[in-house]
Amino acid sequence: MAKIGILSFAHMHAQSYAACLNALPNAELAGIWDDNPKRGKAMAKDFGTKFTAKLDKFLAGDMNGVIVCAENVKHRELVEAAAKAGKWILCEKPLAPTVKESKEMIAICKKAGVGLGTAFPCRFAPTLMDARAQIQSGAFGEILAIACTNHGQCPFDWFVDEKLSGGGATMDHTVHVADALRWIMEKEFTKVYCEKGNLLHKKTMKTDDLGMLNLEMEGGIQVSHIASWSRAKSYPTWGDVTMEFIGTGGVLNVDAFNQKVNVYNDETMRTEWAPYGDNPDLGLVSDFVNACDERIAPSVTGEDGLRATEVTVAAHKSADSKRMVKI
Amino acid sequence: MFANREQKVAARPQEALNVAIIGCSGMGRIHAEMAANCGLNIAICADKSKKAASELAAKYGAKAMTDGLKAAAHKDIDCILIATPTPTHLMFVEAASKAGKHIFCEKPLARTTADCKKAIAAAKKGKVKLFVGHVVRYFHEFEGMKAQIEAGKVGEPGYVKIYRGGMFPGGPKGWFANYDMSGGVTFDCAIHDMDWVRYVFGEPERIFCQALLKNEPIPIDYSQSNIRLKNGMIATIIGTWAHPSGFQVKAEICGDGGMIQYDSKEAPISTMVRDTGDGPSMMVPASPVAESPYQREWEDFISWVHDDKHQPRVTPEDGMIAVKMAEAALKSSATGKPVKL
């Protein structure tokens, strides 16, 4: 039985992780700390656990690990505090907005002898696990090109304030796919070109809401990726993760979250896609719980988080310089 | 929805124009049928292959020729249709212009921007109309999307993505697999969407592109363009000649007030033929319309031929700028740098 605490509910994924912890038979949601006490108390009530206002007191408590879901720029200090308290850590993505912070976090956790994981639930999505197995089986021959998307609706709130997020949609919606492709292809990214901007929310926010990346992976694989907060408010779902793999032996298409039933409801007057299938967050949280129990590294490590951040940082550099940038 | 459809009455020719079809394989055959539907007289069918020329000529009671240059200047014709490999377009344009024949040229107008300039100059000098077949402008679904955008349904557009393609055309020995001639899927297929993006959203600022252009072990091409427009919009254009079978077009336009999506796989008719052991089964999705987009191109061209004041939907300069964009994309792919336009 692993006791897991949650540090901040700033990122809405914390709610899903809390529900997963409550659902897993070998885990216990041990408590919540949040620098927003109102939010923390409300969440503690919702998920049937206790709220602690002081961070040092919280981290001194009886817990094996913590899940960090604060605003991106706060990841580093919270990870450091948890590591020094000897807790295993699962950090929401991006691990950090900068390469420097990401490397520091990895070093701090290594020194403290605690496991550090990055929350990339795509690795636990059965659709993507199946795609990886098919690609790795060689059934599609040599993969020459890949076209990807990770679209979403605009999350607003602190996500669109770069002082707290460290970057807009290009960062937020590139890291998942960058990590998933590294894992599926077992190759690293080498170069990136990027165009980004605020194309759709000029009236409501400042940060970029769409980035198009042209990347290269080891072996010269040509990859395009569109990271966006472009889905209309009236869109029937939150967004997507899609990939088209072009191989010498054929083509494989993934629309990772296209497990849905169409719902037409007269009260909402809006078509909705109700998801079915498995919850990838459950696999992610379960992996972390096991890592805490066995005191081993989570499957998706801090280094994986760093690799994804290296891609987004290089993409930002490319968008500013209008040149292809080495990763 | 039908009430909104543009009711167009084709300008009927006072006297049927006589046309020479230059290039009698796939596109040449489609254009012959469309021209005939518009009441034109297919007078000559010319192709390097005597068989191809004769077969099509027999269908229309036309004269078969193997010399396209002679056909383009023949006394019995008023206009020509060029559906030959791209690098040969210019010589037919020049021959027809010199002889005073109007020209309907399949896209791309020519293999280089320099050749496009020569083609436009030749047509101007010969005082003939030069029409370029950027047929996507005439496709009903693309007209439908344009109308929705113009009606403000997406608010102010900020992003557009178009995906087009399917299997590699013409097989490993065909001219499409000679990338120096065809320019691959970027130059021959994605050019449609580069033209449409410019037509609807405005001029391009710079293009970055990755294109495969592979011939080993088999011809495979896949092209991923990242285009910044002068108005700040970003456009993604993906062209594929990498699929084992089929053909698909997808489009998406995002604005600050909504989105539009289109997918040709959502067709009103799809069929599957039972495999009886005689051969593979087919699945052919179809979206029939009363008047083919190719025929609408012809009507536009014919109206222009008969009336100097008629503004065709595609100008020769449009054809040239589309070539310029595709050329820039290929240059970007070769150099790994964005290319300014």
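Conventions used here
Residues numbered from 1 in each chain as written. Chains lettered and ligands numbered in written order. Predicted model: local features only at pLDDT ≥ 70, side-chain atom pairs only at ≥ 80, totals over all residues. Heavy atoms only, no water. Core = buried A, V, L, I, M, F, W, Y, C linked by side-chain atoms within 4.5 Å. Buried < 20%, exposed > 50% of the residue type's maximum accessible area, 1.4 Å probe, protein only. Helix = DSSP H or I, 4+ residues; strand = E, 2+ residues; numbered from the N terminus. Contact = heavy atoms within 4.5 Å. Salt bridge = Lys/Arg side-chain N within 4 Å of Asp/Glu carboxyl O. Domains from an automatic or database assignment. Buried area = accessible area lost by both parts, 1.4 Å probe. Polar contact = N/O pair within 3.5 Å; in protein donor to acceptor, adjacent residues only side chain to side chain. Nonpolar A, V, L, I, M, F, W, Y, C, P; charged D, E, K, R; others polar. Pairing = 2+ DSSP bridges. Expected span 1.5 Å × (residues − 1).

> What's the story with the nonpolar core in this structure? I'm lost.
Where a protein is soluble and globular, its nonpolar side chains tend to be buried together. By size, the foremost hydrophobic cluster in this structure holds 92 residues, and its most contacted members are Ile80(B) and Trp298(B). The greatest single-element share of this core, amounting to eight residues, is contributed by helix α11 (residues 316-335) of chain B. Setting aside chain neighbours within four positions, we find Trp298(B) in contact with Val19(B), His31(B), Met34(B), Ala35(B), Cys38(B), Leu40(B), Leu81(B) and Phe104(B). Ile6(A), Cys20(A), Val114(A) and Leu284(A) belong to the second largest nonpolar core, which has 57 residues in total.

> Explain the environment of Ala16(B) here, please?
Residues and elements named next belong to chain B. Its location among the elements puts Ala-16 in the segment before β1 (18-22). When the C-alpha atoms of Ala-16 and Ile-42 are compared, they prove to be 9.8 Å apart, with 26 residues separating the residues in sequence. Those residues in contact with Ala-16 that lie beyond four places of it in its chain are Gly-39 and Asp-78.

> What should I look at first to understand the pattern of salt bridges in this one?
Pairing between side chains of opposite charge can happen when the charged atoms of each approach one another. The tally for this structure, following the rule as stated, stands at 40 salt bridges over all chains. For the salt bridge of Asp179(A) with Arg123(A), the shortest nitrogen-to-oxygen distance reads 2.7 Å. Of this pair, Asp179(A) sits in helix α9 (residues 175-185) while Arg123(A) sits in the loop between β6 (116-119) and α6 (126-136), and the two are 56 residues apart along the sequence. A salt bridge links Arg137(B) to Asp195(B); its shortest N-O distance comes to 2.7 Å. Linking Arg137(B) in the loop between β6 (130-133) and α6 (140-150) with Asp195(B) in helix α9 (residues 190-201), this pair joins segments that are 58 residues apart in sequence. Each member of the pair, Arg137(B) together with Asp195(B), is buried.

> Just to check I follow, could you spell out the domain arrangement of chain A for this structure?
Much of the literature gives interface size as the accessible area that the parts lose upon coming together. Residue and element names in this part refer to chain A. Domain boundaries in chain A define domain 1 (2-120 + 281-301) and domain 2 (123-280 + 310-326). Taken together, the 24 residues of domain 1 in the interface contact 18 residues of domain 2. Between domain 1 and domain 2, roughly 1,800 Å² of surface is buried when both sides are summed, and carbon and sulfur atoms account for 65% of that area. Our enumeration of links across domain 1 and domain 2 arrives at one salt bridge. Across the pair Asp-172 and Lys-93 runs a salt bridge whose closest N-O atoms are separated by 2.6 Å. The set of elements that each furnish at least two residues to the side of domain 1 that touches domain 2 consists of α1 (13-23) and α10 (280-294).

> Before we go on, may I ask you to explain the interface of chain B and chain A in this structure?
On the side of chain A, 35 residues touch chain B, which itself brings 36 residues to the contact. Interface of chain B and chain A: buried area, both sides summed, is about 2,900 Å²; carbon and sulfur atoms make up 58% of it. Its largest share of buried area at the contact with chain A, chain B owes to Gln210(B), Gln224(B) and Asn226(B), together 18% of the area lost on that side. Applying the counting criterion to the chain B and chain A interface returns five salt bridges. For the salt bridge of Glu195(A) with Arg206(B), the shortest nitrogen-to-oxygen distance reads 2.7 Å. Inspection of the region where chain B meets chain A yields 16 residue pairs in polar contact (both at pLDDT 80 or more). Mapped onto the side of chain B that touches chain A, the elements with two or more residues apiece are β7 (157-166), β8 (204-211), β9 (221-229), β10 (234-241), β11 (247-255) and β12 (259-263) of chain B. Ranked by the residues each element gives to the side of chain B that touches chain A, the list is headed by β9(B), at five residues. Split by residue class, the side of chain B that touches chain A holds 17 nonpolar, 12 polar and seven charged.

> Explain the pairing of β9(B) to me, please; I cannot follow it from the model alone.
Strand residues, when the strand is regular, have side chains that alternate between the two faces of the sheet. All names here are of chain B. Burial analysis of β9 places nine of its nine residues in the buried class, which makes it a mostly covered element. Side chains of β9 alternate between two faces, with Asp-221, Ser-223, Ser-225, Ile-227 and Leu-229 and Tyr-222, Gln-224, Asn-226 and Arg-228 buried alike. Where β8 meets β9, seven bridges bridge the pair, whose relative direction is antiparallel. When the bridges of β9 are listed, Pro-204 appears paired with Leu-229. Here eight bridges tie β9 to β10, and the two strands are oriented antiparallel to one another. Among the inter-strand pairings, Gln-224 is bridged to a residue of β10, identified as Ile-238. Count of turn residues in the β9/β10 antiparallel hairpin: four residues, of which Gly-232 carries a positive phi of about 95°.

> What's the story with helix α5 (residues 113-125) of chain B in this structure? I'm lost.
Every α-helical turn comprises 3.6 residues, leaving residues that sit three or four positions apart pointing alike. All names here are of chain B. Between the first and last C-alpha of α5 there are 18 Å, a value that for 13 residues agrees with the 18 Å anticipated at 1.5 Å per step. Of the surrounding elements, those touching the buried residues of α5 are α4 (89-98), β6 and α11. Note on α5: the residue one or two positions beyond its end, Lys-127, has a positive phi of about 55°.

> Would you explain the pairing of strand β9 (residues 210-217) of chain A in this entry?
Residue and element names in this part refer to chain A. The buried count for β9 comes to seven of eight residues, which makes it a mostly enclosed element. Where β9 and strand β10 (residues 221-228) come together, eight bridges link them in antiparallel fashion. Across the sheet, the residue bridging to Leu-213 is His-225, located in β10. Following β9, the chain reverses through three residues before pairing antiparallel with β10; Gly-219 in that reversal takes a positive phi of roughly 90°.

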